[in-house]
Amino acid sequence: MTEGPRHDSAAAGPQGRPQPIVRRRPRRWLDRTIGIVLGVLLGVAVVIAFVFLGSEGTIDAPRIDEGATHNGSGQAAGSGGTEKKKPRPRPVPVVRVIGGAPPPSGPPRLDFRRGRAVRFRIETDAPVGIEIPGYGVSETIDSAATLSFRATRVGQFPVIVAASHIAIATLRVQR
């Protein structure tokens, strides 16, 4: 007897020849569904692990004590509970104008609150006229000057070079 494909004698073809037994493979849609579900679960697990484990060392990670040193009593050193922290003066932003244009990194954004004083310094390599159209501010600056005025209007306003209308900064005033 020779070995060959197995035939089922009960299933005969159209001409009476036996047909080979065909084994069906399991449906592939089930394999694909399982693979997709496992991939999504693995992706979610990686994101959760990064957020809760890996983000502690980032620059903007929140801290409860904000770097205060503690003495042995559990309080921050130097705090007797009655002293209030004085707010640090906000640094004055600097807008650099080179050849009548902003630096290659682009125009900086200056953020202020409505009702507060807007104060920023402009440093230029040549005399230049500066305008803020939304506030009616117009100044000529020889080499460096500090502009100051009250933020009365909410919105986003360009700080432009008067002669060329090139934006050298964006003033953003929020509520």
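About the criteria used
Residues numbered from 1 in each chain as written. Predicted model: local features only at pLDDT ≥ 70, side-chain atom pairs only at ≥ 80, totals over all residues. Heavy atoms only, no water. Phe/Tyr/Trp six-rings, centres within 6.5 Å; stacked < 30°, edge-to-face > 60°. Helix = DSSP H or I, 4+ residues; strand = E, 2+ residues; numbered from the N terminus. Buried < 20%, exposed > 50% of the residue type's maximum accessible area, 1.4 Å probe, protein only. Pairing = 2+ DSSP bridges. Axes fitted to C-alpha atoms, helices over the stretch in contact; angles between N-to-C directions.

**Some words on the packing of aromatic side chains**
- All told, the structure shown has 2 aromatic pairs when counted by the stated rule.
- On the numbers, 5.1 Å between centres and 45° between planes, the contact of Tyr-135 with Phe-149 is tilted. Residue Tyr-135 is located in the loop between β6 (128-132) and β7 (137-141), and its partner Phe-149 is located in strand β8 (residues 144-150); the two are separated by 14 residues in the primary sequence. We note that Tyr-135, like Phe-149, is buried.
- Pairing Tyr-135 with Phe-157 gives two aromatic rings, centres 5.0 Å apart and planes at 70°, and the pair type is edge-to-face. Residue Tyr-135 is found in the loop between β6 and β7, and its partner Phe-157 is found in strand β9 (residues 155-161); the two are separated by 22 residues along the sequence.

**With respect to the sheet that holds strand β10 (residues 167-174)**
- Reading across the sheet, the 5 strands line up as β4-β10-β9-β6-β7 and stay open at both edges, with mixed pairing between neighbours. The outermost strands of the open sheet, each flanked by one partner alone, are β4 (109-113) and β7. Between one strand axis and the next, the sheet turns through 20° on average, direction left out of account.
- Sheet topology places β6 next to β7; 5 bridges connect them, and they run antiparallel. For Ile-130, the partnering residue across the bridge sits in β7 and is Glu-139.

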